[in-house]
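Residue-level structure breakdown
Residues per chain, in single letters:
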Amino acid sequence: MLQGNFSSIREAFGRTLVKLGEADKDIIVITADVGDSSRASYFKEKIPERYFNVGISEQDMVNFGAGLSAVGKKPVVVGFAMFLMRAWEQMRNSIGRMNLNVKVCVTHSGYSDSGDGSSHQALEDIALMRTIPNFKVVVPADAAEVERSLPEVINDRGPLYYRMGRDYSPPITSTLDYKFEIGKAYVLKDGDDLAIIGAGVVLWDALKAAEELEKMGISTAVINLPTIKPIDNSTIEYFARKTGRIVTIEEHSVIGGVGSAVAEVVVKTYPVPMRFVGATTYGRSARSQRELLDYYGLTSRNVINSALELIK
């Protein structure tokens, strides 16, 4: 299950964005001076007339995208996750409140901008974005799911926040065959005693944890929850009833993110004991994203420990 090569999420984003732009002349890409870093510049190389760089001005970028949407275009605004949050007001008022068809695609989320430290590491953005009415929130698990999901995201109507990392992308979904649907969760592994639910690259650790738990005789399900909003209520309720225990894992604060979203479903449908693996403080500088995931405990070992607490 955990075989395959590691590949770059942003490379998959850039390549897929070009294919979509070549097929749809209404797609316009706008960046905040991060075209090269996000690989949105691939679009510029192929379709320069529909590519705009507004400079380090995320608020203007969002409003520019809102204006383009209002005249029937399909703008894709691209920036770093951390710095799109300085345009939260514009995303709320100009896009969300007007229910405009703008896709906000961010890279370098979570700990993925490891070398630049806590100022560049977005660990609060899911919480912020899922509070805005009309906005959907999607977090692909790996490069393969970027290629699978981005066409559905771009073709979907309305505001959407699409959250990606940088390079680290262990092969979580690359061997799977499924059609991505916004609002649907995917079972990576079935199980009866415990459910691990997560989003993003940390699902690699969820799968590793499930393998170790199986060796201990604990049948463990792993659920990929790429759409945080609208959330897949039925799948979450099903596994809450089936297993009676849930551990969530996310490369985000444990307050307001994936774990909170799952808990909101569980408490209304079928309350079960839960544990939450995620960030609890700011990040720091490091040589790699993996080093930070290990340092802050977003690991298979912590998932296993949380699972054993629930089993006991």
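Please refer to the structure higher up on the page.
A quick note: this is a predicted structure, and the numbers were derived from the prediction, not measured.

Observations concerning the overall build of the protein
Each helix and strand in the protein was counted, giving 13 helices and 12 strands. Against the 2.2 N^0.38 benchmark of 20 Å for 312 residues, the protein shows a C-alpha radius of gyration of 19 Å, consistent with a compact globule. Dimensions of the protein, computed from the C-alpha atoms along their principal axes, are close to 60 × 40 × 35 Å. In the protein, buried positions account for 61% of the 312 residues. A separation threshold of at least 6 residues defines the contact pool for the protein, and within that pool the share at least 24 residues apart is 79%. Surface accessibility of the protein: about 12,300 Å² in total, with carbon and sulfur atoms responsible for 48%.

Comments concerning the packing of aromatic side chains
All told, the structure shown has 6 aromatic pairs when counted by the stated rule. Stacked on the ring of Tyr295, the Lys or Arg Arg284 has its end atom at 4.5 Å from the ring centre.

Observations regarding the nonpolar core
With 59 residues, the main nonpolar core has Tyr162 and Ile196 as its most contacted residues. Looking at which element gives the most residues to this core, the answer is helix α9 (residues 203-215), with 7 residues. Excluding its chain neighbours within four sequence positions, the residues that come into contact with Ile196 are Ala206, Ala209, Ala210, Leu213, Thr220, Ala221, Val222, Ile223, Val247, Ile249 and Val303. In terms of nonpolar packing, the next biggest core, distinct from the first, is built from 46 residues, Ile28, Ala87, Val258 and Val272 among them.

Some words on the sheet that holds strand β10 (residues 227-229)
The sheet built from 7 strands is open, its strands ordered β2-β1-β3-β4-β6-β5-β10 with mixed pairing. For this open sheet the edge positions go to β2 (51-53) and β10, each flanked by a neighbour on one side alone. Strand-to-strand twist in this sheet, taken as the mean axis angle between neighbours without regard to direction, amounts to 20 degrees. Where strand β1 (residues 27-31) and strand β3 (residues 74-80) come together, 5 bridges link them in parallel fashion. Counterpart to Val29 in the pairing with β3 is Val76.

A word on helix α11 (residues 258-269)
For α11, which comprises 12 residues, the first-to-last C-alpha distance of 17 Å matches the rise-based estimate of 16 Å (1.5 Å per residue) to within 8%. Residues Val258, Gly259, Ser260, Ala261, Val262, Val265 and Val266 constitute the buried set of α11. At its buried positions, α11 is contacted by α7 (125-129), β8 (194-198), β10, α10 (233-243), β11 (246-253) and β12 (274-279).

As for empty space enclosed by the protein
Following the criterion strictly, the structure yields 1 cavity of 30 Å³ or more and no others. Lining the largest cavity are 17 residues, and of these Val139, Arg163, Gly200, Val201 and Glu251 sit closest to its centre. Taken together, the residues that form the lining of the largest cavity break down as 9 nonpolar, 4 polar and 4 charged.

Remarks on the sheet that holds β11
Strand pairing in a sheet relies on backbone hydrogen bonds. The paired strands run either parallel or antiparallel. Strand order in the open sheet formed by 5 strands is β7-β9-β8-β11-β12, and the pairing between neighbours is mixed. The two strands at the open ends of the sheet, each matched to only one other strand, are β7 (186-189) and β12. Averaged over all adjacent pairs, the angle separating strand axes in this sheet is 25 degrees, with direction ignored. Bridge analysis of β8 against β11 gives 4 bridges, and the strand direction is parallel. Note that in β11 the partner of Ile196 across the bridge is Val247.

Looking at the pattern of salt bridges
Taken as a whole, this structure holds 20 salt bridges when the rule is applied. Ionic pairing is found between Arg10 and Asp167, a salt bridge with its closest N-O pair at 2.9 Å. With a gap of 157 residues between them, Arg10 in helix α1 (residues 9-23) and Asp167 in the loop between β6 (160-163) and β7 connect regions that are remote in the sequence. On the basis of relative accessibility, which here comes to 28%, the residue Asp167 falls in the partly exposed class. Between Glu11 and Arg39 there is a salt bridge, and its shortest N-O distance comes to 2.7 Å. One end of the pair, Glu11, is in helix α1; the other, Arg39, is in the loop between α2 (35-38) and α3 (41-46), with 28 residues separating them in the sequence.

Points about unusual backbone geometry
Omega for the bond connecting Lys229 with Pro230 falls within 30 degrees of zero, at 0 degrees, which places this linkage in the cis form. Summarising the element assignment, Pro230 is placed in the loop between β10 and α10. Positioned with a positive phi, Asn134 is a non-glycine residue whose angle comes to about 80 degrees. One can find Asn134 in the loop between α7 and β5 (136-138).

Cut-off values and rules
- Residues numbered from 1 in each chain as written.
- Predicted model: local features only at pLDDT ≥ 70, side-chain atom pairs only at ≥ 80, totals over all residues.
- Heavy atoms only, no water.
- Helix = DSSP H or I, 4+ residues; strand = E, 2+ residues; numbered from the N terminus.
- Rg over C-alpha atoms; globule rule 2.2 N^0.38 Å.
- Buried < 20%, exposed > 50% of the residue type's maximum accessible area, 1.4 Å probe, protein only.
- Contact = heavy atoms within 4.5 Å.
- Areas by Shrake-Rupley, 256 points an atom, 1.4 Å probe, with all protein chains shown as cover.
- Phe/Tyr/Trp six-rings, centres within 6.5 Å; stacked < 30°, edge-to-face > 60°.
- Lys NZ or Arg CZ within 6 Å of the ring centre and 35° of its normal.
- Core = buried A, V, L, I, M, F, W, Y, C linked by side-chain atoms within 4.5 Å.
- Pairing = 2+ DSSP bridges.
- Axes fitted to C-alpha atoms, helices over the stretch in contact; angles between N-to-C directions.
- Expected span 1.5 Å × (residues − 1).
- 1 Å grid on protein atoms, 1.4 Å probe; cavity = no way out; pocket = protein on both sides within 12 Å on 5 of 7 lines; lining within 4 Å.
- Points joined across faces, edges and corners; volume = space filled by probe spheres on them.
- Nonpolar A, V, L, I, M, F, W, Y, C, P; charged D, E, K, R; others polar.
- Salt bridge = Lys/Arg side-chain N within 4 Å of Asp/Glu carboxyl O.

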